[in-house]
Structure formats: C-alpha cells, structure tokens
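# A closer look at the structure
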Amino acid sequence: MTAFILRRLMQSAAVVAIMSLIVFFGVHVVGDPVYLLINPMADQKEIEEAIRALGLDRPIWEQYWHFLAGALEGDLGRSFVFGEPALKVIVQRMPATLELAFAALMMAILLGIPLGLYAGLYPDRLASRTIMAGSIVGFSLPTFWVGILLIMVFAVMLGWLPSTGRGETATVLGLTSSLFTLDGLSHILLPAFNLALLKISLVIRLTRAGAREAIHQDYIKFARAKGLSGRRVIGVHLLKNIMIPVVTVLGLEFGGLVAFSVVTETIFAWPGMGRLLISSIQSLDRPVIVAYLLIIVLMFVAINLLVDVLYSVLDPRVRLGEKSA
Amino acid sequence: MSRQAANTLEIEGLKTHFFTKAGIVKAVDGISFHVAAGEVLGLVGESGCGKSITGFSILGLVDPPGRIVSGAIRFQGRDIAGLPDEDLRRLRGDRIAMIFQDPMMTLNPVLRVDTQMVEAIRAHARVDQATALGRAREALAAVGIPSPERRLRAYPHELSGGMRQRIAIAIAFINRPDLVIADEPTTALDVTIQAQILHLAQELCRNSGTAMIWITHDLAVVSALADRIAVMYAGRIVEQGPVEDIVDRPLHPYTRGLLGSVPSHNARGRRLAQIPGMTPSLINLPGGCAFRTRCARAGPACLSDPPLTEPAAGRQLRCFDPVMAEAAA
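Here the residue numbers are simple positions, counted from 1 along each chain's written sequence. Chain letters and ligand numbers both follow the written order, the letters beginning at A and the numbers at 1. A pLDDT threshold of at least 70 governs which residues receive local features in this predicted model, and a stricter bar of 80 or more applies before side-chain atom pairs are shown or counted, although totals over entire chains, interfaces and linings include all residues. Side-chain figures throughout are based on the complete set of non-hydrogen atoms in the structure, without hydrogens or water.

Okay, the domain arrangement of chain B next. Residue and element names in this part refer to chain B. Structurally, chain B comprises domain 1 (7-95 + 176-328) and domain 2 (106-174). Note that the domain bounds were set by an automatic or database domain assignment. Taking only C-alpha atoms, the centre of domain 1 and the centre of domain 2 are 30 Å apart. Taken together, the 18 residues of domain 1 in the interface contact 12 residues of domain 2. Put simply, buried area is the surface a 1.4 Å probe can reach on two separate parts but cannot reach once they are joined, added for both. Taking both sides of the interface into account, the surface hidden between domain 1 and domain 2 amounts to around 1200 Å²; carbon and sulfur atoms contribute 67%. Among the residues domain 1 hides against domain 2, the three largest losses belong to I197, L200 and L204. Together they make up 34% of the total. Any pair of nitrogen or oxygen atoms within 3.5 Å is treated as a polar contact; in protein, a donor-acceptor pairing is required on top of that, and neighbouring residues in sequence qualify only through side-chain atoms on both sides. Inspection of the domain 1/domain 2 interface yields six residue pairs in polar contact (both at pLDDT 80 or more). Among the secondary structure elements, those contributing two or more residues to the side of domain 1 that touches domain 2 are helix 3 (85-91) and helix 9 (191-208). Strands here are runs of E lasting at least two residues and helices are runs of H or I lasting at least four, both read from the DSSP assignment and numbered beginning at the N terminus. The element that contributes the greatest number of residues to the side of domain 1 that touches domain 2 is helix 9, accounting for seven residues. Under the convention adopted here, Pro, Cys and the residues Ala, Val, Leu, Ile, Met, Phe, Trp and Tyr are nonpolar, Asp, Glu, Lys and Arg are charged, and Gly plus all remaining residues are polar. Of the residues in the side of domain 1 that touches domain 2, the class split is nine nonpolar, four polar and five charged. The contact definition used throughout considers only heavy atoms, calling two residues in contact when any of these lie within 4.5 Å.

Moving on, we get to the sheet that holds strand 4 (residues 66-75) of chain B. Residue and element names in this part refer to chain B. A pair of strands is considered paired only if DSSP assigns at least 2 bridges between the two. One open sheet accounts for four strands, arranged 2-1-4-5; its pairing is antiparallel. Each end of this open sheet is capped by a strand with a single partner; those strands are strand 2 (23-36) and strand 5 (78-79). Across 10 bridges, strand 1 (residues 7-20) lies against strand 2 in antiparallel orientation. What sits directly across from T16, in strand 2, is V28.

Like-charged residues within 9 Å of one another, or nonpolar side chains (Val, Leu, Ile, Met, Phe, Trp, Tyr) within 5 Å, are grouped into patches, provided each residue has over 30% relative accessible area and no salt bridge. The Shrake-Rupley method, run with a 1.4 Å probe sphere, supplies the accessible areas, and residue values consider only the shown protein chains as cover. Any carboxyl oxygen of Asp or Glu within 4 Å of a side-chain nitrogen of Lys or Arg constitutes a salt bridge here. The positive count covers Lys and Arg only, the negative count covers Asp and Glu only, and His and the chain ends enter neither. For the purpose of locating charges, the reference atoms are NZ of Lys, CZ of Arg, CG of Asp and CD of Glu. There is a patch of like negative charges on the surface, built from D43, E46, E48 and E49 of chain A. Three labels apply to residues, based on accessible area from a 1.4 Å probe with only protein chains included: buried if under 20% of the type maximum, exposed if over 50%, partly exposed otherwise in between. By relative accessible area, E46 of chain A is classed as partly exposed at 43%.

Let us now look at the interface of chain A and chain B. If you look at the interface, chain A gives 22 residues, while chain B gives 28 residues. Counting the surface lost from both chain A and chain B, the interface buries some 2400 Å², and carbon and sulfur atoms represent 61% of this. Looking only at chain A, the three residues that lose the most surface to chain B are K221, F222 and K226 of chain A, adding up to 28% of its buried area. Counting across the chain A and chain B interface gives four salt bridges. A salt bridge links E119 of chain B to R232 of chain A, with the nearest nitrogen and oxygen atoms 2.5 Å apart. Between chain A and chain B we count 14 residue pairs in polar contact (both at pLDDT 80 or more) in total. The set of elements that each furnish at least two residues to the side of chain A that touches chain B consists of helix 9 (218-225), helix 10 (230-267) and helix 13 (316-324) of chain A. By residue class, the composition of the side of chain A that touches chain B is nine nonpolar, five polar and eight charged.

Below, the structure written as structure tokens:
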C-alpha cells in the first residue's frame, strides 16, 4: 500500500509539473494585461515602468523559471488586481466554493441513491419511470439555463428563496460556513441544487443500474434464503456492492463540482473561487488564473488518490490485488 | 395420517408458472412428492426442466413474473404456499435452508465470512454477537474447515471454491433446519472436492435427521447419496421411486436415456448413449407427453397426457409405454 501511494505521488508530481507549464504558457498567449491595468492616459515611459514592475519585460521562459522557483516556496505570484499574493486571494474564497460543492455532493448522495435504488428495485412502477425520465432531463439541461430558471421560479415568481450571495455565516469548530445559519442555508439551497442536478442524475442512473444487476445475483438470493429481512438484504448486501462504483464516481466528480461551480457561482453571485476565476480572466489577472488552475489540478490529483484508497476499503478484492502486486 | 406426520415436506400438485411477454412458461407443472425426516430425495433432470424453480417455490423465493399458481406445499403438516412474506422469512434459513450451485457467487463478495454467518443466526434467534460468533466457529469446524478462527475473518475471494461451498453448507445447517434444499451444490467443483462435499452433506443429514432435497442433473452423484429419486422432465415428474429401483430397473424411456449417458467402467471404449434432441421450450408447451419428440418408443397414445400410474409399491410413473423388459424378466 505504501509503495502504491508513493508511486502515485510521484506520478502526481509529474502531472502537476506538466500542467503548470501548459497553464503558464497558455495564459501568456491570451492578451496583454498591462493595457487593462494601466491608466489609458499613461505615456510610453509609464507603461514600460509598469511592465518592468510586473516582471513582464523578461523572456517568457525566464518568467516561468521565476514562477516555478516561487511556486516551490509556496509563492504563486501577486495578483495584478488585488496587489495581494494570488494564493491568499484564492484561499480566501475557497471556503465558499467548498461549502457549495459539499452541499451539492450531499444532495447528490441523499437524493440520488434512494431514488436510484427505488427505480432499480421497482423498475416497472410509474414513479420509477418518472425518476428515470427526470434524470434524463437533469442530464440534458445546461447548468446556466437551469440556474436562471431556478432564480426566476423560486426567487422572482414565488419569492421563497434569495437568489444572490452567501447569506449569514457562522463559525462552528473553527469552520466558518453559511451551512450553520438558517439564512445561509436558504441562500445555499438554490445554487447547490443547481450545481448538484447533473450529479443527482448521474447517481440515480449509476445506483439504478447497479441495483438492477445486483438483485439477480446469487448472493442476494442466498441472503434471502438465509431468512434475512428485506431491509438487511437491500441495505447491506445489495447497497454495499452498489456503493463501489458510486463512491468512485462521486469522488472523482467532487473535483468536477468545484470546477463547475464557475458557472453556478457566476449566476448566483456566490463569492467563491469560480467567480474569482471569471473576473480574473476578464481582467487578465495572470497570477490568479495560474494559481487557480494549479490548485484545481492539485485537488483532482489528491481526490484521485483518496478515491483509490477509499475504493480498496470498500472492495476487499482490490486490497488483495495490491498486496500481490 | 400417520404417514403425513412422518413426512417433513409434502408437495401436492405444485404449479409455478412464469407470465412472460412471449407466453406462459410452465416451469413447474403439477408435481407431487414428499420427503421424510432424515431422507434424501434426489430431484434429477436436465437444465431448464424446472428443478431449481421447485426449490425456490418451496422457499417462497420465486421472483416475478413467476408465481405459484396452484398446489400445496405442506411443511410439517402446514401449508406454506402463499404464506405472508414475514412468516416465510422466519422459515427461511431457520427451518428450511438452501445451498446453491456456484459457491463463487453465493457468498457476498464484500462481506466477511463471520458477518454472513452471524447474520444468519441473528435473523432467527435473539443472541448476542459473541454467542453467535461462537456458534459460527463451531459450524465451520463441523464442516471440516481447518483453523475456523482465521477463516471467519476472511473475505470470500480469499478462499477456494471447495472451502466456500463448505461455508455455504455450514450456513445452511447453522440453525439446524428440518429441510435442506441443495441445488446442484457439487456441479461447480472438482471431482475430488465433489466427493468430499457429498459425504459431508450426507453425514450432516444423518446426524441431525434433516430431510434433504438434492437437485442435480447428475444421476451418478445422486445414486450414491439419495434414498429416493424423482426424475423431472419439462416441469413434470415422470418417474419416482427408491434409488435402487430407478437405477436398476428404469421404467421411463427418459430415465433410461439419462442412465445410458452416465459413463461407467464396463462401457469403456464404447460411445456413450445420448438422448437425441434437446429439452423443449417450456413456453406454450403442447399437450401430451413432453418427451414424445425425443422418445424412440413414442406412439399415437403419447399425444394425450400420460396418467400417473403406480407400477410397483413406492414407485410412480407417467408413461404409456414403459420399458418393461426387466420387469417382465
């Protein structure tokens, strides 16, 4: 197991290094931030001074080298717009995004698994057909359109829920989040659902397919022949087998939730990293863009590793494979 | 009445049909048999003749679109066909247990052996975890598993096929059931392991007075084990009787065909006799004897249903033209 984790860590380091190269050079191809940052009335001398101050007068490989040296010490450059370290700017907004992604993940689990299980166990019922049709809709509708629709229905027409912002936050056990206040919860409901819709549909389909397959397995029939209650057969014997693919996919999708929050955060004016990325792209705030993308890459790598470890906890057969490998 | 009391299980006119889009599949179509305490009944037939469905019908585990259409399943004198599911659940695994064909598939791959054994005990008795674990350990030792303590903590994939089938048998016998239904439990195993499992099952039944239905397609296996044999074809029992009678003096052409296809020492070098054709589809089976299309002795009479006759004491037969050669001699 240790050798496996070490190997994975080295692979991850390579992925991050290559990614930093692509991102850094890619960002330098799109537009020149100097003209966006500087007073339009400035003369040539002032412009050149600004370029030098930002370190943009150096050749790009030197800039990259400089960036890499800084990055290894945890310095990803200063934001052109905020004048603060890019990392700090992003980390400040991270809790808002993470709580949104977390809320969406919870929705995907708490709605997706029971609904998918029901549809898998009683495939011929009208309710099951409705669930499956709904999941197709959830899959197909674009996130931004659903977001706008949610705002129109629940915020504008019905007036039940707020449409923008994070609401009140509270600090519990050192964690500051809007999940801990009623006002915060009412704020997070719409954006979280918007973000979760795709994942709910995905979990429904995964769970249903798993249940349809597992229900005909001999071990389910054997469990029933042992005289176990229906609850134990479904809740332990069936569910534990289905959970293997669901956990794998959900884990990987958590990274997707954070990344996808760019759209949702923009629509609901959620003060998270996603919205920061959009405004940084608009103002060509290179250090923030690069830092954001690197953080996302690191997160994906970490999640992949975590899922692999979790997978082996759920599926004992994987554990043996690792030992013999 | 006295005979009824001695029989653990009596099945009378059981019909289990599957209502599919293509038509009604009469998987089990009016079968009757009985098993006494401590007795082993061999239920023999080809794949798809309805023998497994018979087993599942007794346990009340027939899944839709199938259901028991008619007939009585009297277990210890009580008709359990159509009992509410909770009552059936209490019987399942406690009074009536089942062993499945493929040990690779019957144990849940993600649960440890101890979990799967303890839950079988605690589903039927109010005992604490430690007591149940103790009983599980004893049950593993009773089926000849070395170092049961270690096996209890293993996952199924860490054990061999023979070992897994022993565990499945230990689970089946763990609550000392009155009836065990064994659905081809040796088919998926090596020949040497087969013999061990056969011996084990026989011993367990004899020691505890458990009645057993041994479902198989292998006459050689069942003739070494069973007290009586029932031969099934296309959802019906075509011949039934004590094992020596059936093996030595088969009356139904189908039984004879099955016996002819078993390899033996004195037939070395000769081609094995085989039954021509294949099992008919059970969808919308035409009337009359279902075996007539494959039967060398079939005549015009076979177009109507052969009645159940009793050619000798304790024997039953469904055939117009039985193979009477030995009987006449």
